Amino acid sequence: MGALDEGHFCSELENGVKLGCIDLSVDDEPETIAIEDAVKVLMQGLGEDVNREGLKKTPLRVAKALREGTKGYRQKVKDIVQGALFPEAGLDNAVGHAGGAGGLVVVRDLDLFSYCESCMLPFQVKCHVGYVPSGQRVVGLSKLSRVADMFGKRLQEPQRLADELCSALHHGIKPAGVAVMLQCSHIHFPSLESAILDSNHQGWVKLLVSSGSGVFENESADIWADFLSLLKFRGIDVNKTCLRDSSDWCPSRSSGSGNAVIKVESANQGMITAVTSILRSLGEDPLRKELVGTPARFVKWLMNFQNCNLDMKLNGFVSARVDPLHPNGDSCKEKQIHSELNLSLWSQCEHHLLPFYGVVHIGYMCAEGSIPIGKSLLQSIVCFYGFKLQVQERLTRQIAETVSSLSDGDVIIVVEANHTCMISRGIEKFGSSTATIAVLGQFSTDPAARAKFLQSLPNNAISGP
């Protein structure tokens with residue numbers, strides 16, 4: 001069917017030849033090996049067995065993802081822009097601006113990601129760049145995207161990212177002016193307790209930042225109004241982005257987190273040293289003032305997924321529940337489908353140590369007139385299995401098996417999730433989501449029952465940036 005010859009494919013894998021954008025030789029570089037060793041320390045600090053199937057290659061996967069996500073440190077603007085400036089005439093004997101002499105050029109909706117320098121979690125960026133050509137020359141439009149990507153693939157904070165991108169483009173292409181506007185979204189991961197108790201947890205912090213040079217230095221200039229108008233008429237409403245102080249936009253730096261970080265520093269010094277080693281291997285200076293507290297903040301977040309005996313806690317939670325599905329011992333009544341939709345899910349991918357988030361939809365059969373399982377209990381089950389190193393397929397099965405033990409065994413589970421590993425690695429598939437399903441009992445043999453439940457699922461259930 002036109003697929004790559006299997007023998008040739010295996011040969012390329014074994015010999016380390018590039019496949020697409022993947023350079024397999026990076027595995028043996030000293031920086032990769034150093035990050036692998038540090039990740040093993042972090043996993044052991046979580047109580048995980050680094051030799052467990054599914055985790056054996058996690059240190060290498062994490063190392064490669066981090067190096068891919070910070071490759072901007074190893075790139076230079078001049079190497080990108082050089083040779084991409086093209087002659088283009090302006091207006092001939094006319095009053096106005098156009099072409100290579102003053103005509104505004106705007107590139108919208110560049111999807112980027114970057115790693116937050118405060119907590120090392122990836123954040124998403126919608127980038128808009130404008131420039132006013134001068135000297136009767138223009139730059140290849142793809143270069144704007146590549147320069148933006150270069151600065152994004154570093155440890156960053158939004159305002160500095162905007163300023164660095166603006167300055168680099170101004171010096172690289174020498175226009176009359178450059179405008180940069182970034183709509184940034186940072187995941188706000190809850191603690192286990194707040195995930196269970198706070199149904200209104202806001203999962204994203206949003207920030208709008210801008211930077212201008214040359215004719216864009218004055219924010220009140222008419223050229224800024226033109227730039228914003230060219231964004232707005234295509235449906236880009238920058239006013240919907242929350243305006244916040246860039247210096248404290250990361251949730252890990254919010255008020256009240258200081259004491260928790262101090263406790264982490266005293267209890268997990270080996271893990272903090274490992275994260276410091278990772279920063280150094282990525283080409284950063286761990287002593288840079290913005291990074292001094294980053295290792296402790298990252299470890300504090302990572303400890304949410306410590307392999308403690310959550311199963312025992314869950315069993316205690318469940319065992320205290322008297323079986324409500326047959327309050328009168330009558331199991332012969334007609335069964336009905338009960339459902340709880342849009343239960344919040346927060347978890348951590350065990351393959352890349354990156355978060356994934358979404359919703360869980362639960363359906364189960366119970367006899368008419370019986371008391372359904374409480375929503376709070378179902379949300380607790382989702383949280384107990386979510387706050388571990390996980391894969392979505394296993395998570396779906398575990399939730400199904402547990403709900404089955406609380407009901408008559410007729411259960412359907414649908415998990416919808418966005419995985420940050422889908423944007424913070426080479427594939428960069430923004431907006432993609434993954435759905436998994438588990439069916440037990442009657443739902444596995446009754447297509448009509450499955451269809452009825454699936455048709456009840458809401459549209460756009462996942463709350464993303």
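Model, not experiment: these values are computed from the prediction.

Looking only at helices and strands, the protein has 16 helices and twelve strands in total. Counting every position in the protein, which comprises 465 residues, the buried fraction comes to 49%. Contacts in the protein between residues at least 24 apart in sequence constitute 75% of all its contacts with a sequence separation of at least 6. Taken as a whole, the protein presents about 22200 Å² of accessible surface, with 50% of it coming from carbon and sulfur.

Taken as a whole and judged by the stated rule, the model has 15 salt bridges. Lys56 is the partner of Glu53 in a salt bridge, and the nearest nitrogen-oxygen pair spans 3.5 Å. One exposure class covers both Glu53 and Lys56, and it is exposed. Residue Glu117 is joined to Arg160 by a salt bridge in which the shortest nitrogen-to-oxygen separation is 2.8 Å. Linking Glu117 in the loop between strand 2 (105-116) and strand 3 (122-132) with Arg160 in helix 6 (residues 158-173), this pair joins segments that are 43 residues apart in sequence. Several salt bridges converge on common partners, so that one network encompasses Glu117, Arg160, Glu164, Glu284, Arg288 and Glu290.

Our focus in this paragraph is the sheet that holds strand 3. Within the open sheet, the five strands sit side by side as 5-2-3-6-7. Their pairing is mixed. Two strands lie at the open edges of the sheet, namely strand 5 (155-156) and strand 7 (204-214), each paired on one side alone. Lying over the sheet, helix 8 (residues 222-232) contacts strand 2, strand 3, strand 6 (177-187) and strand 7, oriented at roughly 45° with respect to strand 6.

Turning next to empty space enclosed by the protein. In total, this model carries three cavities of 30 Å³ or more according to the counting rule given. The space that makes up the largest cavity amounts to roughly 140 Å³. Along the walls of the largest cavity sit 13 residues, with Val62, Leu66, Phe298, His352 and Leu353 positioned nearest its centre. Those elements that provide at least two residues to the lining of the largest cavity are helix 2 (30-45) and helix 3 (58-69). For the lining of the largest cavity, the element with the most residues is helix 3, which contributes three residues. In terms of residue class, the lining of the largest cavity is made up of twelve nonpolar, one polar and no charged.

A few words now on the environment of Ser167. Here Ser167 lies in helix 6. Along the chain, Ser167 and Val178 lie eleven residues apart, while their C-alpha atoms are 8.1 Å from each other.

Right, let's get into the packing of aromatic side chains. Taken as a whole, this structure holds 14 aromatic pairs when the rule is applied. Ring geometry for Phe113 versus Tyr115: centroids 5.8 Å apart, planes at 80°, classification edge-to-face. Measuring from centroid to centroid gives 5.9 Å for Phe298 and Trp301, while their planes differ by 40°, and the two rings are tilted. Of this pair, Phe298 and Trp301 are both found in helix 11 (residues 294-302), three residues apart, which corresponds to roughly one turn of the helix. By relative accessible area, which is 8% here, Phe298 ends up buried. By the ring-pair criterion, three or more aromatic residues cluster together here, those being Phe189, Trp204, Phe298, Trp301, Phe305, Trp346, Tyr357 and Phe387.

What follows concerns the sheet that holds strand 12 (residues 434-440). In spatial order, the strands read 10-8-9-11-12; together these five strands make up an open sheet with mixed pairing. Looking at which strands have only one partner, the edges of the open sheet turn out to be strand 10 (389-390) and strand 12. Inspection of the sheet shows strand 8 (residues 335-349) paired to strand 10 by two bridges, in the parallel sense. For Gln348, the partnering residue across the bridge sits in strand 10 and is Leu389. This element, helix 16 (residues 447-455), spans strand 8, strand 9 (354-367), strand 11 (411-419) and strand 12 of the sheet and lies at about 40° to strand 11.

On to unusual backbone geometry. Within the chain, Asp109 stands out as a residue other than glycine whose phi angle is a positive 60°. Mapped onto the elements of the fold, Asp109 is located in strand 2. Judged by relative accessible area, Asp109 falls into the partly exposed class, the value being 39%. The backbone of Leu353 sits at a positive phi, close to 55°, despite the residue not being glycine.

Right, let's get into the pairing of strand 9. The buried count for strand 9 comes to 14 of 14 residues, which makes it a mostly enclosed element. Here strand 8 runs beside strand 9; their pairing, made up of 13 bridges, is antiparallel. Bridge pairing in strand 9 links Leu343 to Val360. Counted along the chain from strand 8 to the antiparallel partner strand 9, the turn is four residues long, and its residue Leu353 has a positive phi close to 55°. One ladder, built from nine bridges, connects strand 9 with strand 11; its direction is antiparallel. From the neighbouring strand, Gly358 faces strand 11, where its bridge partner is Ala417.

The rules behind these values
- Residues numbered from 1 in each chain as written.
- Predicted model: local features only at pLDDT ≥ 70, side-chain atom pairs only at ≥ 80, totals over all residues.
- Heavy atoms only, no water.
- Helix = DSSP H or I, 4+ residues; strand = E, 2+ residues; numbered from the N terminus.
- Buried < 20%, exposed > 50% of the residue type's maximum accessible area, 1.4 Å probe, protein only.
- Contact = heavy atoms within 4.5 Å.
- Areas by Shrake-Rupley, 256 points an atom, 1.4 Å probe, with all protein chains shown as cover.
- Salt bridge = Lys/Arg side-chain N within 4 Å of Asp/Glu carboxyl O.
- Pairing = 2+ DSSP bridges.
- Axes fitted to C-alpha atoms, helices over the stretch in contact; angles between N-to-C directions.
- 1 Å grid on protein atoms, 1.4 Å probe; cavity = no way out; pocket = protein on both sides within 12 Å on 5 of 7 lines; lining within 4 Å.
- Points joined across faces, edges and corners; volume = space filled by probe spheres on them.
- Nonpolar A, V, L, I, M, F, W, Y, C, P; charged D, E, K, R; others polar.
- Phe/Tyr/Trp six-rings, centres within 6.5 Å; stacked < 30°, edge-to-face > 60°.

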